[in-house]
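# Results of the structural survey
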Amino acid sequence: MTSHRDPHVISRRRFLSATAAGLSSLALAACGAGTSEAPAGATTGAEAGAAVPEASPTEAPTPTPVVLGTGNRKVTFWHGLGGPDGATLVKMLQQYSQEHPDVTISSETYAWDLLYQKLPTATAAGTPPHLAIFHSWAMQQFAAQGLLQDADTLFFGPGLIAKDDFNQGLLQTISADGKVLGIPFDNHGFLNFINTKIITDAGLDPKNLPKNGTEFIEWAQKIVVDESGKHPNEEGFAADRVKIWATHTGWQRYSVVSTIWQFGGGIISDDGKTSLLNDPKTIAAVQYWHDLIFKHHVVPAPVAGLPFEWDMFKDSLALMWNGGWQLNFFNDNPEAAEVMQPGYLNSFAPDGSQATRFDAHTMVVPMGVEGDDLEAAKDLIVWLSNNGATWATSGQVPARLSVQQQPDVQNIPVVKTAAAEFNEIGRNGPSHPAINEIVVAYETAISSALSGLMPADQAMNEAHTAVQSILDRG
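Residues numbered from 1 in each chain as written. Predicted model: local features only at pLDDT ≥ 70, side-chain atom pairs only at ≥ 80, totals over all residues. Heavy atoms only, no water.

### What about the side chain of glutamine 326?
Counting through the fold element by element, glutamine 326 comes out in the loop between strand S12 (319-323) and helix H12 (327-332). In terms of polar contacts, glutamine 326 uses its side chain to reach the side chain of asparagine 322, at 3.4 Å. The residues contacting glutamine 326, other than those within four sequence positions of it, are Phe193, Trp310 and Met320. (Helix = DSSP H or I, 4+ residues; strand = E, 2+ residues; numbered from the N terminus. Polar contact = N/O pair within 3.5 Å; in protein donor to acceptor, adjacent residues only side chain to side chain. Contact = heavy atoms within 4.5 Å.)

This is the structure:
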């Protein structure tokens, strides 16, 4: 959103384009896209003697793979897990290679959007990876292209993994033609990080949060103060000099979509034929967030220059709706961890209805992988699924219900809380063969409404028209 022109002179079209790009980048960052530091014993492709081609200025750079092991059995693994999650994944792969000295794993980390473009091309060319990880919400686009081998045939039928050991709603989301298309690795989505110090300092009880949207506004007005100590409902309150905020819009794909479901609205119908973006309940949920920002002044507007919510949590944010992946932030910031308690998302709905969005990183085997390569991919997927307790140390909830109950997982409060929340009030993000187009349309509309660029009803009606035309294509 940076411009060399006057910052106040920006067209709505330019804003919406920039917003869409920003949301895409945020999505990649929040899911750990990027590179990760390899643990001791791992090598990069270059260190292992692999040729690393130089990218042209117009091409995305080819990632340098992390190569683990020296065995003759080769396994190529593509995914988008970088950053702290990626470091945890590499440690798991390192352990696997130590237990299987006949195997060499090449772990390649891509930006998610590049990965989603690269796999169809590689599969069509007959050079797919042996296994990959995708988001659950993206699975239908690959199912429509016939790119994936089904998990019922590879894993559930032979009894390698128990099908009833997963959230059944999630399995439906990643199914096509009655077949499950992958093995969920985790459940990831939003929970509520509660700043007990800020809430207690305001004279409130962090264990007794507001139960509905009306209560939240009253509660938030007691939390929020400007630099002179005035609250939003007091004369002289300075909305441009707020010291403590109630909460933050965060990643709107999770925060606002969760609120839309709490209000009884939706994105698209379950049969994938009808946009629900112009449903009055959907619009009411977006309007509620808009009013928290511009009417009640208890949430900051999501504009350029706003600090990340995790940075604000240290001293100026009462509630942070965010993912379990923030566990690494709290591990690195003990002063923030000391005042944090995890909980379910509080409801913004008038009647207190609850819902939270969660998705899954899902392990898949592309078409064209067969023979010994297929057996190697299956073996690694089963091992990763069985060892989800290690993955939980990154803050992600293991997808296997039995693994969620293991003591090592239950002893991580953030993961324990998120697992219970997802199983009790969780809903999977919408999936569709054209999901990327749909996401751009509704996220751009939500962001423009929450940034004050468009009225909520206008933004959502325009998004509805765009999404319905996508759905009508079939």
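Next comes the rest of the write-up.
### Quick notes on the pairing of strand S4 (residues 103-109)
Of all 7 residues in S4, 7 are buried; the element is thus mostly enclosed. Sheet analysis places strand S2 (residues 66-68) next to S4, joined by 3 bridges and oriented antiparallel. Bridge assignment links valine 66 to a residue of S4, and that residue is serine 107. Pairing analysis gives 7 bridges linking strand S3 (residues 73-79) to S4, with the strands arranged parallel. Considered in S4, the bridge of arginine 73 is made with valine 103. Following the backbone out of S3, through helix H2 (residues 83-99) and into the adjacent parallel S4, one traces a crossover that is right-handed. (Buried < 20%, exposed > 50% of the residue type's maximum accessible area, 1.4 Å probe, protein only. Pairing = 2+ DSSP bridges. Right-handed = clockwise from strand over helix to strand, strands pointing away.)

### What about the pattern of salt bridges?
Inspection of every chain in the model, using the stated rule, returns 10 salt bridges. Between aspartate 165 and arginine 400 there is a salt bridge; the shortest N-O distance is 2.7 Å. On the criterion of sequence distance, the pair formed by aspartate 165 in the loop between helix H5 (151-156) and helix H6 (168-173) and arginine 400 in the loop between strand S16 (397-398) and helix H16 (401-404) is long-range, its members being 235 residues apart. Across this residue pair, the class does not change: aspartate 165 and arginine 400 are buried. (Salt bridge = Lys/Arg side-chain N within 4 Å of Asp/Glu carboxyl O.)

### Observations regarding the packing of helix H10 (residues 280-294) against helix H20 (residues 456-472)
At a minimum axis separation of 9 Å, H10 and H20 run at an interaxial angle of 135°. Judged by the angle between their axes, H10 and H20 are oblique. For the pair H10 and H20, the sense of crossing is right-handed. Residues Thr282, Ile283, Val286 and Gln287 of H10 lie in contact with H20, whose contacting residues are Ala456, Asp457, Met460 and Asn461. Here the residues of the contact of H10 with H20 sort into 4 nonpolar, 3 polar and 1 charged. (Axes fitted to C-alpha atoms, helices over the stretch in contact; angles between N-to-C directions. Parallel < 35°, antiparallel > 145°, perpendicular 65-115°, else oblique. Left-handed = near helix turned anticlockwise from the far one by under 90°. Nonpolar A, V, L, I, M, F, W, Y, C, P; charged D, E, K, R; others polar.)

### Some remarks on the nonpolar core
Ranked by size, the top nonpolar core spans 143 residues in total, and within it Phe134, Trp219 and Leu384 carry the most contacts. Top contributing element to this core by residue count: helix H19 (residues 435-450), with 9 residues. Sequence-distant contacts of tryptophan 219, that is, excluding residues within four places in its chain, are made with Ile199, Leu204, Leu209, Pro210, Ala318 and Leu319. (Core = buried A, V, L, I, M, F, W, Y, C linked by side-chain atoms within 4.5 Å.)

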